[in-house]
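Letter by letter, the chains look like this.
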Amino acid sequence: MAEEKKAPAFKKIMAADMMKKVMANHFYDLNNAAKTGSPKVAWCTSVGPAELLRAMGFLVYFPENHGAVLGATRTAMDYIPLANAVGYSPEICSYLTSDIGAFLKGETPLSKQYKEITSLPKPNVLVYNTNQCRDVKDWMQWYGRRLNVPCIGIETFRNIGDVNEDAVKAISAQIKALVPTLEKISGRKLDIDKLREVVGLSRRCTDLWKQVLETSSAIPSPFTFFDGTIHMGPAVVARGTQEAVDYYEHLLPELKKRIADKVAAVEGERHRIYWDGMPVWGKLRELSTLFLEQKTCVVASTYCNSWVFTALDAKDPFDSMARAYTELFIVRSDDAKEKYIERMRDLFKFDGILFHDSKTCPNNSNNRYGMPQRLAEKLGIPSVVIHGDLNDLRCYSEEQSVTQIEAFIEQLEGKK
Amino acid sequence: MASPLFAGIDVGAAATKVALVDASGALVGKAAIPSGMDFAEASETARALALEDAGASAGDLVRTVSTGYGRKNVAFADGTKTEIACHARGAHFYFPEAITIIDIGGQDNKIIKLDAAGNRLDFRMNRKCAAGTGAFLEEIARRIGVRIEEMEGLARLSTERVEIGSFCTVFSATEILALVRRGAKVPDIVKGAFRSVVKRVTEMDPFEGKVVATGGVVAYNSTVVELLSDAVGKPVRTPPAPQLSGAIGAALYARNEPASS
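Since we're looking at a predicted model, the values are computed, not measured.

1. Details of the overall build of chain A
Working step 1: Along chain A, the regular secondary structure elements total 17 helices and eight strands.
Working step 2: Across its three principal directions, the C-alpha atoms of chain A cover 65 × 45 × 40 Å.
Working step 3: Counting over 416 residues, chain A shows a buried share of 61%.
Working step 4: Total accessible area on chain A is roughly 16300 Å²; 51% of this is exposed by carbon and sulfur atoms.
Working step 5: Charged side chains of chain A number 54 positive and 53 negative; the gap between the two group centres comes to 3 Å.

Here it is as structure tokens:
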């Protein structure tokens, strides 16, 4: 019987120890800044203009990262109802509802991970970019009202095909328009050379993170989507810093050595899958074990690739930030997304796609307008849709999802 | 030892089904009992009943494959397969051609597409929602105070069309209360509930090609098969034992394949 067999072992990535230090430093630095009042703290949406904020001397905190922590620690369900009770529907982003709920209760799972941290770092300014969705703006505005802190941001176009110069100029102008408010709050003038330096570091981080992800194009793959959801941490919270660059310079050789030594992340890799949509944060362990048992490697994902900003250019910081944050998968039209997935297929050579239909994240659930059927017809790639959520496990039926994933892999096996 | 037998056991959310087939694949023994709360016990009991039905003993069993939600709770199984694989195998055994299978189970619905050789082309399952499943009919039966096994007979007495439009089992039950207040008759409500199941199922796929229906709901309610045929605009066929389709598929896997896990 399957359950009596010893589960195959995960292969530890040794660089993880350094990553934990990078993440710990990030949170301790924020905690100290909030306590001492220096430097100033900006809260920023995860694909917002973090480079500008860093260049102006802010430490940057990302509520979405906290949302993912709430999901991964499975504490989200304790907090979502509290946000529902103050008028934020269970149908909207469960990062938002779990994060606001946790704030209302005065709790954070960070306090269990990091000694001395008892609360989130109070912001001096809140900065959003609606490139992902409207929810991130609503989320920041809630904190703005609650904490009486300025909330400013960028309103991005949505469902765009090719990112043309008109769009770039419009977004670039919005980023520039943030500067006077940020200068007032930070008490310092924008130093364009500092911005170029930060954008350059962010680009270097992106290039390295992209190379890390692309190691999964090797057969067998040395790295999985589930590894990516963990190791993306520095690319999310520390991009634009030397620490993030150092981390990926440390991780990349380890993965290249795995390729040279033919070390597979999933022993006996038989199938390769692309994960579209959000992770199910509270079930990462179970899902990664399931795929490991099924000798199937989830080699690439829309999600982990979302922190690849190849347009960033230190010579042209504002326009290149505008382009980078508008080229994101989530902002694009289905045509552009399908072309992107086709390129990913050519690179990562996957045999199937898993679409996660995330109940509270419609903008990052790409199965809802016929894309799986179009890709099957165009590329001959089969897919499976699982219904779940990023944080709200009440929307996830584990039994049904496991059966669907196992059945999908049986189907791929039948084609071998 | 009598002729060698192969067992398939389908531990579903509502019922545990066992099929015993001989070396030719012929069904020689069967059983279906409620799964209850103890899947291990239900599977033991159902196997004993099926062996009794076949006039055989446990020693005659060469291999057993389990499937269904409780497939990993069957201690005596030599291997497991998903219910998608087993329903496909069971249905294709009786209809060896390109088919689309509709399985309406106690807790979920499956649509499975097979090519002429029985290879699976695609499948999908209902979302995390009981609307359109056997569980929906159980809830409606409870609300209107009839036994589930009475529903087919009642539906046959229906004279007026009643629509139940809600996507949600609980709201459908509320809708039924409103129908009762307006004087709707029980047979019409039952047939309306059947029609609601068919609507939920037929919105899962365009149903091109030949269609086969399986599962407990169609096994006990031929009205549902007729309504399905109307909805997809072509005859929907059923195998000889629709509720056992997954168990038969598992037994056929037990017959043809070494134990897998």
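2. Regarding the interface of chain A and chain B
In many reports, interface size means the accessible area that the parts give up when they come together.
Working step 1: Every contact between the two is made by 23 residues of chain A and, on the other side, 23 residues of chain B.
Working step 2: When chain A packs against chain B, the two sides together hide about 2000 Å² of surface, and 49% of this comes from carbon and sulfur.
Working step 3: Our count for the chain A to chain B interface comes out at three salt bridges.
Working step 4: The partner of Glu406 of chain A in a salt bridge is Arg71 of chain B, with the nearest N and O atoms 2.7 Å apart.
Working step 5: Taken together, the links from chain A to chain B amount to six residue pairs in polar contact (both at pLDDT 80 or more).
Working step 6: Listed by contribution, the elements that provide at least two residues to the side of chain A that touches chain B are strand E8 (383-388) and helix H17 (398-415) of chain A.
Working step 7: The biggest single contributor to the side of chain A that touches chain B is H17 of chain A, with ten residues.
Working step 8: In terms of residue class, the side of chain A that touches chain B is built from nine nonpolar, eight polar and six charged.

3. What about the environment of Pro240 of chain B?
Residue and element names in this part refer to chain B.
Working step 1: Here Pro240 shows up in the loop between strand E10 (236-237) and helix H9 (245-256).
Working step 2: Taking relative accessible area as the criterion, Pro240 reaches 66% and is therefore assigned exposed.
Working step 3: On a C-alpha basis, the gap between Pro240 and Thr214 in space is 9.6 Å, while along the polypeptide they are 26 residues apart.

4. Quick notes on the packing of aromatic side chains
By convention here, two paired aromatic rings are described through the distance between centres and the angle between planes.
Working step 1: Per the counting criterion, the structure on display carries 20 aromatic pairs over all chains.
Working step 2: Summarising the aromatic geometry, the rings of Trp43 of chain A and Tyr61 of chain A are spaced 4.8 Å apart at their centres and angled 50° between planes, so their arrangement reads as tilted. Highlighted residues: Trp43 of chain A in strand E1 (residues 41-44) and Tyr61 of chain A in strand E2 (residues 59-61), separated in sequence by 18 residues.
Working step 3: According to the relative accessible area criterion, Trp43 of chain A is buried, its value standing at 1%.
Working step 4: Classification of Tyr61 of chain A by relative accessible area gives buried; the value is 1%.
Working step 5: Through a chain of ring-to-ring contacts, the aromatic side chains of Trp43, Tyr61, Phe103, Trp142 and Tyr143 of chain A assemble into a single cluster.
Working step 6: A cation over an aromatic ring shows up here: Lys81 of chain B above the ring of Tyr253 of chain B, its NZ or CZ 4.7 Å from the ring centre.
Working step 7: Of note, Arg89 of chain B hangs over the ring of Tyr253 of chain B, and the distance from its end group to the ring centre comes to 4.4 Å.

5. Notes on the sheet that holds strand E4 (residues 61-67) of chain B
Residues and elements named next belong to chain B.
Working step 1: The sheet built from five strands is open, its strands ordered E3-E2-E1-E4-E5 with mixed pairing. With one partner strand each, in any of the chains shown, strand E3 (27-34) and strand E5 (79-80) form the two edges of the open sheet.
Working step 2: Sheet contacts for helix H1 (residues 39-54): strand E1 (5-11), strand E2 (15-21), E3 and E4; angle to E3, the most-contacted strand, approximately 145°.

6. As for the pattern of salt bridges
Working step 1: Enumeration according to the criterion identifies 49 salt bridges over all chains in this entry.
Working step 2: One salt bridge connects Arg143 of chain B with Glu139 of chain B, and the closest N-O pair in it is separated by 3.6 Å. Note that Arg143 of chain B and Glu139 of chain B are positioned in helix H3 (residues 134-144) at a spacing of four residues, about one turn of the helix.
Working step 3: Among the residues examined, Arg143 of chain B registers a relative accessible area of 35% and is labelled partly exposed.
Working step 4: Taken together, the shared-partner salt bridges in this structure form one network comprising Glu406 of chain A together with Arg71, Lys72 and Glu83 of chain B.

7. Description of the packing of helix H15 (residues 334-348) of chain A against helix H16 (residues 371-379) of chain A
All names here are of chain A.
Working step 1: H16 packs onto H15 with a crossing angle of 50° between their chain directions and a minimal axis gap of 11 Å. Between H15 and H16, the angle is such that the two are oblique. Considering how the two elements wind past one another, H15 and H16 form a crossing that is right-handed. Two secondary-structure elements touch here, H15 through Asp334, Lys337, Glu338, Ile341, Glu342 and Arg345 and H16 through Met371, Arg374, Leu375, Lys378 and Leu379.
Working step 2: Split by residue class, the contact of H15 with H16 holds four nonpolar, no polar and seven charged.

8. Re the pairing of strand E8 (residues 120-125) of chain B
In regular strands, side chains alternate between the two faces of the sheet.
Working step 1: Pairing analysis gives five bridges linking strand E7 (residues 109-114) of chain B to E8 of chain B, with the strands arranged antiparallel. The residue bridging Ile111 of chain B from the neighbouring strand is Arg124 of chain B, located in E8 of chain B.

9. A closer look at the domain arrangement of chain B
All names here are of chain B.
Working step 1: In terms of domain boundaries, chain B breaks down into domain 1 (5-85 + 244-256) and domain 2 (97-238).
Working step 2: Here the C-alpha centroids of domain 1 and domain 2 sit 25 Å apart.
Working step 3: Counting from both sides, the interface comprises seven residues of domain 1 and, opposite them, ten residues of domain 2.
Working step 4: The contact between domain 1 and domain 2 buries some 690 Å² in all, and 69% of this surface belongs to carbon and sulfur atoms.
Working step 5: The tally of links between domain 1 and domain 2 comes to zero salt bridges.
Working step 6: Counting every contact that joins domain 1 to domain 2 gives one residue pair in polar contact (both at pLDDT 80 or more).
Working step 7: At three residues, the largest contribution of residues to the side of domain 1 that touches domain 2 is made by helix H2 (residues 83-94).
Working step 8: The residue makeup of the side of domain 1 that touches domain 2, split by class, is five nonpolar, one polar and one charged.

10. Overview of the side chain of Ser221 of chain A
Working step 1: Topologically, Ser221 of chain A is positioned in the loop between helix H9 (192-214) and helix H10 (225-231).
Working step 2: For Ser221 of chain A, the residues in contact, after removing those within four places along its chain, are Ser216, Val263, Ala264, Ala265, Val266, Glu269, Arg272, Cys297 and Val299 of chain A.

11. Topic: the packing of H2 of chain B against H9 of chain B
Residue and element names in this part refer to chain B.
Working step 1: Closest axis-to-axis distance for the H2/H9 pair is 7 Å, and the angle between their directions is 90°. In terms of axis orientation, H2 runs roughly perpendicular to H9. Contact with H2, carried on its side by Ala85, Cys86, His87, Arg89, Gly90, Ala91, Phe93 and Tyr94, involves Ser245, Gly246, Ile248, Gly249, Ala250, Leu252, Tyr253 and Asn256 of H9 and no other residues of that element.
Working step 2: Class assignment for the residues of the contact of H2 with H9 results in nine nonpolar, six polar and one charged.

12. Overview of the pairing of strand E7 (residues 352-358) of chain A
Residues and elements named next belong to chain A.
Working step 1: Among the seven residues of E7, seven are classified as buried, and the element is accordingly described as predominantly covered.
Working step 2: Burial of the side chains of E7 extends over both faces: Gly352, Leu354, His356 and Ser358 are buried on one face and Ile353, Phe355 and Asp357 on the other.
Working step 3: Of the strand pairs in this sheet, strand E5 (residues 271-276) and E7 are connected by four bridges, and their pairing is parallel. When the bridges of E7 are listed, Asp276 appears paired with Phe355.
Working step 4: With six bridges joining them, E7 and E8 adopt parallel strand pairing. When the sheet's bridge partners are listed, Leu354 is paired in E8 with Val384.

About the cut-offs
- Residues numbered from 1 in each chain as written.
- Chains lettered and ligands numbered in written order.
- Predicted model: local features only at pLDDT ≥ 70, side-chain atom pairs only at ≥ 80, totals over all residues.
- Heavy atoms only, no water.
- Helix = DSSP H or I, 4+ residues; strand = E, 2+ residues; numbered from the N terminus.
- Buried < 20%, exposed > 50% of the residue type's maximum accessible area, 1.4 Å probe, protein only.
- Areas by Shrake-Rupley, 256 points an atom, 1.4 Å probe, with all protein chains shown as cover.
- Lys, Arg positive; Asp, Glu negative; His and termini not counted.
- Charge placed at Lys NZ, Arg CZ, Asp CG, Glu CD.
- Contact = heavy atoms within 4.5 Å.
- Buried area = accessible area lost by both parts, 1.4 Å probe.
- Salt bridge = Lys/Arg side-chain N within 4 Å of Asp/Glu carboxyl O.
- Polar contact = N/O pair within 3.5 Å; in protein donor to acceptor, adjacent residues only side chain to side chain.
- Nonpolar A, V, L, I, M, F, W, Y, C, P; charged D, E, K, R; others polar.
- Phe/Tyr/Trp six-rings, centres within 6.5 Å; stacked < 30°, edge-to-face > 60°.
- Lys NZ or Arg CZ within 6 Å of the ring centre and 35° of its normal.
- Pairing = 2+ DSSP bridges.
- Axes fitted to C-alpha atoms, helices over the stretch in contact; angles between N-to-C directions.
- Parallel < 35°, antiparallel > 145°, perpendicular 65-115°, else oblique.
- Left-handed = near helix turned anticlockwise from the far one by under 90°.
- Domains from an automatic or database assignment.

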